[in-house]
Amino acid sequence: MKVAIASLTLLAALLALTGCEQKPSASEASAETSADSFPLIPKKDRAASFDAVARRLDLGGDSFYFADFGTSFQQLGQKLGSFMQGIQGADPTNMQFAVASMLPYEQLVDVLGVSDLSALGMSSYYDGSLYRSKCVVYLPDGLHGLFTLIGTEPGPFDALALAPAGTDVFFSQQIHGSAIKQIILDGAEAIMPGNGDKMAAGLLAKPAGPVLTVGEALDKADTTLTAIVRLGETREIAVPDSEASFSVPRAQFLVRLSGQGWLITDGIFPVEMWVSEGAMTRTEEDGQVIYRQSEEAAAGTPSDFAQAQIILDPATGDLTLVSDEAFWQECTSGKTSLADSPRYQAAVKGLPTEGNSLTYVSKETFNTLIGLYKQAQETVPPQMAGIFTMYELYLPILSLDKVEADAASVITVDATSIFSDSRWPTSSGSMTGGSSGVVVTGLLAAMAIPAFNKVRAESREKTITNNLRLVASAGQQYILENGEPQVGYDKLVQEEYFHPIQPVNGESYDDLVVREEGGILEVTTASGETVSFEY
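Owing to the predicted nature of the structure, the values given are computational and were not obtained by experimental measurement.

**Quick look at the pairing of strand β13 (residues 357-361)**
Most of β13 is tucked away, with five of its five residues classed as buried. In this sheet, strand β14 (residues 407-413) lies alongside β13 in antiparallel orientation, the contact comprising five bridges. Across the sheet, the residue bridging to Val 361 is Ala 407, located in β14.

**As for a negative patch on the surface**
Together, Asp 110, Asp 186, Glu 189 and Asp 197 line one region of the surface with negative charge. If you trace the backbone, Asp 110 turns up in helix α6 (residues 105-111). Given the relative accessible area of 38%, Asp 110 is considered partly exposed.

**A look at unusual backbone geometry**
One non-glycine residue, Asp 286, lies in positive phi territory at about 55°. Positionally, Asp 286 belongs in the loop between β8 (280-285) and β9 (288-293). The phi dihedral of Glu 496 falls on the positive side, at around 65°, and the residue is not glycine. Mapped onto the elements, Glu 496 comes out in the loop between α18 (489-494) and β17 (513-515).

**Here we look at the nonpolar core**
By size, the foremost hydrophobic cluster in this structure holds 23 residues, and its most contacted members are Phe 170, Ile 228, Leu 254, Leu 338, Tyr 344 and Leu 358. For this core, the secondary structure elements donating two or more residues are α13 (325-333), α14 (342-347), β13 and β14. The dominant element in this core, judged by the number of residues it contributes, is α13, at three residues. Ignoring sequence-local partners within four residues, the contact set of Leu 338 consists of Leu 160, Ala 163, Pro 164, Ala 165, Thr 167, Phe 170, Tyr 344 and Tyr 360. Grouped together as the second largest cluster of nonpolar side chains are 21 residues, Ile 479, Val 504, Val 523 and Val 531 included.

**Side note on the pattern of salt bridges**
If you walk through the whole model with that rule in mind, you get 19 salt bridges. Members of the salt-bridge network, linked through shared partners, are Glu 272, Arg 282 and Glu 284.

**Considering the packing of aromatic side chains**
Note on aromatic pairs: each is described by the distance of the centres and the angle between the planes. Inspection of every chain in the model, using the stated rule, returns eight aromatic pairs. Measuring from centroid to centroid gives 5.6 Å for Phe 366 and Trp 424, while their planes differ by 80°, and the two rings are edge-to-face. Taken together, the positions of Phe 366 in helix α15 (residues 363-379) and Trp 424 in strand β15 (residues 417-424) put the pair 58 residues apart, joining distant regions of the chain. Of the two residues examined, Phe 366 and Trp 424, each falls in the buried class. Among the aromatic residues, those joined into a cluster by ring pairs are Tyr 489, Phe 498 and Tyr 509.

**Observations regarding helix α4 (residues 76-90)**
The end-to-end C-alpha distance of α4 is 21 Å, a good match for the 21 Å that 15 residues give at a rise of 1.5 Å each. All of the buried residues along α4 are Gly 77, Gly 81, Met 84, Ile 87, Gln 88 and Ala 90.

**Quick word on the packing of helix α7 (residues 179-191) against helix α8 (residues 196-204)**
Contact pair α7 / α8: the axes reach a minimum separation of 7 Å and the direction vectors enclose 140°. Classified by the interaxial angle, the pair formed by α7 and α8 is oblique. Taken as a pair, α7 and α8 cross one another with a handedness that is right-handed. On α8, the residues that touch Lys 181, Ile 184, Leu 185, Ala 188, Glu 189 and Ile 191 of α7 are Gly 196, Asp 197, Met 199, Ala 200, Leu 203 and Leu 204. A class-by-class count of the residues in the contact of α7 with α8 yields eight nonpolar, one polar and three charged.

**So, the side chain of Ser 178**
Following the sequence through the fold, Ser 178 ends up in the loop between β5 (169-176) and α7. There is a polar contact of 2.9 Å between the side chain of Ser 178 and the side chain of Asp 222.

**Section: the side chain of Asp 421**
Inspection of the secondary structure assignment puts Asp 421 in strand β15. At a separation of 2.8 Å, a polar atom in the side chain of Asp 421 contacts the side chain of Arg 132.

**A closer look at the confidence of the model for the protein**
Per-chain confidence: the protein averages 82 in pLDDT, with 82% of residues scoring 70 or above. Low pLDDT, under 50, characterises residues 1-35; the stretch is placed with 22 contacts to residues that sit more than four places away or in other chains.

**Here's the deal with the pairing of strand β10 (residues 309-312)**
In summary, the side chains of a regular strand alternate between the two faces of the sheet. Side chains of β10 alternate between two faces, with Gln 309 and Ile 311 and Ile 310 and Leu 312 buried alike. Pairing between β9 and β10: four bridges, direction antiparallel. Across the sheet, Ile 290 pairs through a bridge with Ile 311, a residue of β10. Hairpin connection, β10 to strand β11 (residues 319-322): the antiparallel pair is bridged by six residues, and Gly 317 has positive phi, about 80°.

Cut-offs applied
Residues numbered from 1 in each chain as written. Predicted model: local features only at pLDDT ≥ 70, side-chain atom pairs only at ≥ 80, totals over all residues. Heavy atoms only, no water. Buried < 20%, exposed > 50% of the residue type's maximum accessible area, 1.4 Å probe, protein only. Helix = DSSP H or I, 4+ residues; strand = E, 2+ residues; numbered from the N terminus. Pairing = 2+ DSSP bridges. Patch = residues over 30% accessible without salt bridge, like charges linked within 9 Å, V, L, I, M, F, W, Y side chains within 5 Å. Areas by Shrake-Rupley, 256 points an atom, 1.4 Å probe, with all protein chains shown as cover. Salt bridge = Lys/Arg side-chain N within 4 Å of Asp/Glu carboxyl O. Lys, Arg positive; Asp, Glu negative; His and termini not counted. Charge placed at Lys NZ, Arg CZ, Asp CG, Glu CD. Core = buried A, V, L, I, M, F, W, Y, C linked by side-chain atoms within 4.5 Å. Contact = heavy atoms within 4.5 Å. Phe/Tyr/Trp six-rings, centres within 6.5 Å; stacked < 30°, edge-to-face > 60°. Expected span 1.5 Å × (residues − 1). Axes fitted to C-alpha atoms, helices over the stretch in contact; angles between N-to-C directions. Parallel < 35°, antiparallel > 145°, perpendicular 65-115°, else oblique. Left-handed = near helix turned anticlockwise from the far one by under 90°. Nonpolar A, V, L, I, M, F, W, Y, C, P; charged D, E, K, R; others polar. Polar contact = N/O pair within 3.5 Å; in protein donor to acceptor, adjacent residues only side chain to side chain. pLDDT = per-residue confidence, 0-100.

Shown next, in the form of structure tokens:
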């Protein structure tokens, strides 16, 4: 039956297209119109980037979004430049605006990699327990600038081997810190063509610690950040100056920066100084250097952190902060593994097995967060309740009553895109920084526009007042020099007491007259405001 329906649908589509001037092939028509898919417009009419983006998304779910930006982001620099020149024109005497208006925004947008952004796509559908959400940031000319900060090539999630069974949060993220150095070099050259290398050299030569310069530190900054958290029993924590309390779980944690031991050995983190001051102890165990708080220092530390220790592995250069010795031993023993647990495997089912970032969160963690959020709502005054709306916009999970399954998200970077794939409790999922982030950004922008308009209006008024002051001063000088009782604006321009004044907001100075006995000069702007100056 399905075959018959599909055949009839295909035949109808072909017949409907017989009157078209340009007929697609049978295979193209079949791909574009079928019984179980949304009919797409012909390929010749699609956005240039649609196929490259949509092939990684899911049509027919709860939401689908696609935007082809064309050359919009390539033109962003030019628009920023024009905007800043307009700001500077409104207040010509402001040196900060003057300097800002001269920056090469087109080149800077390119240096930051923003001009590469060509399209964005998102999709989400409910798979029975979670939302399968995907997001594609499409950069067909390749990634550079800020987009390379999360790594340039995907790889296996080796750090997963550290996570024992029962882990509630696992997070692994590549960090391409050396990209910042390249941004500084390219940005300096954009600002000062021909001399940018000297400007960059000055910035990169600044000390980052007792041994390294900023440039040397950035060269070493490529790493993978790994965080492992396991929640324990809850206990009540009182809210200061209140009868309220929160039920907060205890937590064991491990945070590792691969290859970043130089932060200690080169003195960026002054751990050795703390040792010399008696705040920490230093021991070598099984080829590793372990820093622990001294008894005196631990006595003044909250109990959850009193046993925390820093571990430096000289062989790998890895730097690890761990909550306690027992959790460290459990993470490194390999006796149990998060990766082998059925819950983890269900969460990552269908997601990429390699990438640049992996996040796993247990349902207990989500429900703990939701519970804390609801407790917080109960403790604040009613007049402050509205602030929670902003939190729910940015983190839709907070609006849920309960989460029923563990979740996971993977971000993968390739030659032309950044791809996020997740199984998440809300339809935003891994797109929280996309869809909800756009909403929050829009709200903040809406809040900022009135403030900006006020600043712009005040700047215009100040400039016009200065123009009126100039006319009055020049007029009084003319009257004094020529012995006349009054003088008009046109005469002052003709006699070159000043150059013609350019309107700031549609105002006209042509009818102004300066009188010997003094008075008030005033003009009306295109917005209807009257600006006056008494002399």
